Amino acid sequence: MTAAKTLPSWDVLTKHGVFPEANHDEVARLNFLTHLNVHLSASILPGVKTAFDTQVKPEFEKEHGREPESRHEVRNAMLKHPYFQTWSALRRNTMEMRQQAGRAQVLRQIENLVEKVDGYNQGAESLILDDSVQIPNNVGSVDIHCQPGCYYTEYFENDVTVAASYDLGLFVTTAGLLGTLSDGGGKAVGNWLQDNHPEFMPKRILDIGCTIGHNAVPLAQAFPDAEVIAVDVARPSLRYAHARAKSMGVNNITFIQANAETLSQFEDQSFDLITTAMFWHETSHSVMPNILKTINRLLKTDGLTLHLEQPQYHGMGVYEQFIRDWDTYFNNEPYWGPMHELDLKQSLNDAGFNGDDMFETGVVSSVDEKIFGKREAGDAGEDYGRAPVWNAFGLWKR
Ligand SMILES: C[S@@+](CC[C@H](N)C(=O)[O-])C[C@H]1O[C@@H](n2cnc3c(N)ncnc32)[C@H](O)[C@@H]1O
C-alpha cells in the first residue's frame, strides 16, 4: 500500500518580481481547481475507459461488426455516454474557472503589476516591441485553451493581463508538474544537453513562441555565456516575460516581438540552438511549414533544433488518441489533433532538412523538491508530477 500523498498548494510557487499577489481566498480557489483537476484525471478518468471497454465499444462492435478504427469513431460513440459527458464537462469547467479566477486576481491589481513591469522594462534594449507585427491567424482566430484575449490582447497601454493570468494559472492545470517557476521543460532541456552532449556549448540560442519566457530563462541560465533571443508575436506576454527574467537576474535574453514565419532580421545560419516548448500544437498547417523553413534557414550546420511537444498519435491505440485529442474539440485547441497526426519526418523534409536525421527522446525534468519534498530511496518511478519525462523531437543539422 502506498502512503497518501499531500497535494501541493498553489502558494508554493516562487514569487518572482512581477508575480501577481494572492489573498487567502484566491489561493483557496486556485487550490480547489488544481485538486479538482487532479481528482478528475486520477480518479474519474479511469471510469471513462471502463465505460468505453464495457459499454461503448461492445455496442459499437454490435452495430458495425468491427472495432472502432479511429479516434473520431471513438469520440462520436463516447459523446453519447453520460460518464464521458460528466468528466468532459467538469474538465472544461475547471479550465474556464481557472481563466476566470486568474483574470479576476490579476485585474484587481493590474495597475500595480503594470508599474512593476514598467520598472524592469523602462529603456531596456533587451525588449524589442514592433507595432507592425500582425497577429497571425493561428493565434488571433481563437482564444487558445479558453484564455480570454489569448496571449496577445491589450486592454490598455502597457497591459500584461493575459500574461500574468497565464503565469499564475499554469499550476492549476499541471499541479506542480512544471516546478515552482513553471520552468520544468526548459530545465529538462538544459539537463538533457548537459548529460547527453556536454561538449555542445551554443553561443546563440533562439526560443520560438516564448510566451512569458519560463522555458527560455532556464536555457539562458544553463548557458550563461550564450546570447538568447526569445521571440513571440504577443506584446503583453513579451513585456511580462522580459520583466520576469530581469527580476530573476537573467540578463542574457533579448525578447523580440516577431512572427517566426519569417524572422528576416536574422541572418542565415546565425543560431547554434533553436528550441520550442509546447508550441507546435498551437500552429496551423499553413504556419508550421513556414516556421520549420525559417528554422532551417537560421540554424548553423552542426547546430541543434529541439522541440518539447506532446507525442504524435502515430502508433497509439485509438482510445488513447481519443483521450489525448480531447483538447482539440473541448478546450479551444483546434490545431492540436491536426498537428499530432503529422508525419514529422516528412514535415522536416519539406522544410529542407533531412528528415532521416530526426530523433525522438524523453527529456527528464528534475524533481522540484520545494513542491514534492525529497525523493525517497527506491522512489524511482514517475509519481504524480515528480520527474516527469517530456517528449521531445529534434535534429542535428548536417
Ligand atoms: C503554447 S504557447 C508556447 C508556450 C511556451 N513556449 C512554453 O514554454 O510553455 C504558444 C506561443 O507561441 C506564440 N506564437 C504562435 N504563433 C507564432 C508565430 N507565428 N510567431 C511567433 N510566436 C508565435 C503565441 O503567441 C504563444 O505565446
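Residues numbered from 1 in each chain as written. Predicted model: local features only at pLDDT ≥ 70, side-chain atom pairs only at ≥ 80, totals over all residues. Heavy atoms only, no water.

### Focus: the overall build of the chain
For the chain, the count of helices and strands is 15 helices and eight strands. Relative to the compact-globule value of 21 Å for 398 residues, the chain shows a C-alpha radius of gyration of 21 Å, a close match. When the backbone C-alpha atoms are referred to their principal axes, the chain occupies close to 65 × 55 × 50 Å. Considering only intrachain contacts with a sequence separation of at least 6, the fraction spanning at least 24 residues in the chain is 79%. (Helix = DSSP H or I, 4+ residues; strand = E, 2+ residues; numbered from the N terminus. Rg over C-alpha atoms; globule rule 2.2 N^0.38 Å. Contact = heavy atoms within 4.5 Å.)

### Focus: empty space enclosed by the protein
Here the structure, examined in full by the defined rule, presents four cavities of 30 Å³ or more. If you add up the space inside the largest cavity, you get close to 60 Å³. Mapped by element, the contributors of at least two residues to the lining of the largest cavity are helix H7 (184-196), strand S5 (271-277) and strand S6 (299-308). Split into classes, the residues belonging to the lining of the largest cavity amount to five nonpolar, five polar and one charged. (1 Å grid on protein atoms, 1.4 Å probe; cavity = no way out; pocket = protein on both sides within 12 Å on 5 of 7 lines; lining within 4 Å. Points joined across faces, edges and corners; volume = space filled by probe spheres on them. Nonpolar A, V, L, I, M, F, W, Y, C, P; charged D, E, K, R; others polar.)

### Some points on the site of the ligand
The full set close to the ligand counts 20 residues, and Gly209, Thr211, Asn215, Asp232 and Ala277 are the nearest of them. Contact distances for the ligand include 2.6 Å between an oxygen atom and a side-chain N or O atom of aspartate 232. Between the ligand and the protein, one listed contact pairs a nitrogen atom with a backbone N or O atom of valine 233 at 3.5 Å. A total of 600 Å² of accessible area belongs to the ligand in isolation, and the protein chains cover 97% of it. Looking at the shell around the ligand, its residues break down into 12 nonpolar, six polar and two charged. (Near = heavy atom within 4 Å. Polar contact = N/O pair within 3.5 Å; in protein donor to acceptor, adjacent residues only side chain to side chain. Areas by Shrake-Rupley, 256 points an atom, 1.4 Å probe, with all protein chains shown as cover.)

### So, the environment of aspartate 131
Relative to the assigned elements, aspartate 131 resides in the loop between strand S1 (127-128) and helix H5 (137-140). Its relative accessible area of 68% is what places aspartate 131 among the exposed residues. Distance from aspartate 131 to arginine 235, taken between C-alpha atoms, is 9.0 Å for residues 104 residues apart in sequence. Every residue in contact with aspartate 131, bar those within four places of it in the chain, is listed here: Arg235 and Gln257. Among the polar contacts listed, one links the side chain of aspartate 131 to the side chain of arginine 235, at a separation of 2.9 Å. (Buried < 20%, exposed > 50% of the residue type's maximum accessible area, 1.4 Å probe, protein only.)

### Observations concerning the confidence of the model for the chain
Fine structural detail should not be taken from predicted coordinates in areas where pLDDT scores are low. Averaged over every residue, the pLDDT of the chain is 94; the share at 70 or more is 95%. Below a pLDDT of 50 lies the segment residues 380-385, which in the model reaches 12 contacts outside its immediate sequence neighbourhood of four places, other chains included. (pLDDT = per-residue confidence, 0-100.)

### Observations regarding helix H4 (residues 110-121)
Taking 1.5 Å of rise per residue, the 12 residues of H4 would be expected to cover 16 Å, and the 16 Å separating its terminal C-alpha atoms lies within 8% of that figure. Within H4 the residues assigned to the buried category are Ile110, Leu113, Val114, Val117 and Asn121. The buried residues of H4 all sit within an arc of 95° when viewed along its axis, so they share a single face. Within H4, the exposed residues directed more than 90 degrees away from the buried face are Glu111, Glu115 and Gly119. For H4, the secondary structure elements touched by its buried residues are helix H3 (82-107), S1, helix H6 (161-174) and helix H9 (235-247). Downstream of H4 by one or two residues, glycine 123 has phi in the positive range, about 70°. (Expected span 1.5 Å × (residues − 1). Arc of directions from axis to C-beta.)

### Points about the pairing of strand S2 (residues 204-208)
Taking burial as the measure, the five residues of S2 include four buried ones, the bulk of the element. Where S2 lies against strand S3 (residues 227-232), five bridges are found, and the strand directions are parallel. Within S3, the position partnered with isoleucine 208 by the bridge is valine 231. One crossover worth recording links S2 to the parallel S3 by way of helix H8 (residues 216-222), and it is right-handed. By the bridge criterion, four bridges tie S2 to S5 in an arrangement that is parallel. Bridged to isoleucine 205 within S5 is leucine 273. (Pairing = 2+ DSSP bridges. Right-handed = clockwise from strand over helix to strand, strands pointing away.)

### Here's the deal with the nonpolar core
Formed by 68 residues in total, the largest nonpolar core has its most connected members in Trp10, Leu193, Tyr240, Ile253, Phe255 and Leu304. Examining the composition of this core, we find that seven residues originate from one element, H6, more than from any other. Beyond its immediate chain neighbours, meaning those up to four positions away, isoleucine 253 contacts Ser126, Ala216, Val217, Ala220, Val228 and Ala230. Val231, Ala351, Phe353 and Leu395 belong to the second-largest nonpolar core, a separate cluster that totals 28 residues. (Core = buried A, V, L, I, M, F, W, Y, C linked by side-chain atoms within 4.5 Å.)

### Concerning the sheet that holds S1
Overall, mixed pairing links the eight strands, which are arranged S1-S4-S3-S2-S5-S6-S8-S7 in an open sheet. The two strands at the open ends of the sheet, each matched to only one other strand, are S1 and strand S7 (359-364). Examined bridge by bridge, S5 and S6 share six bridges and lie parallel to one another. Directly across from phenylalanine 271, in S6, lies its bridge partner leucine 299.

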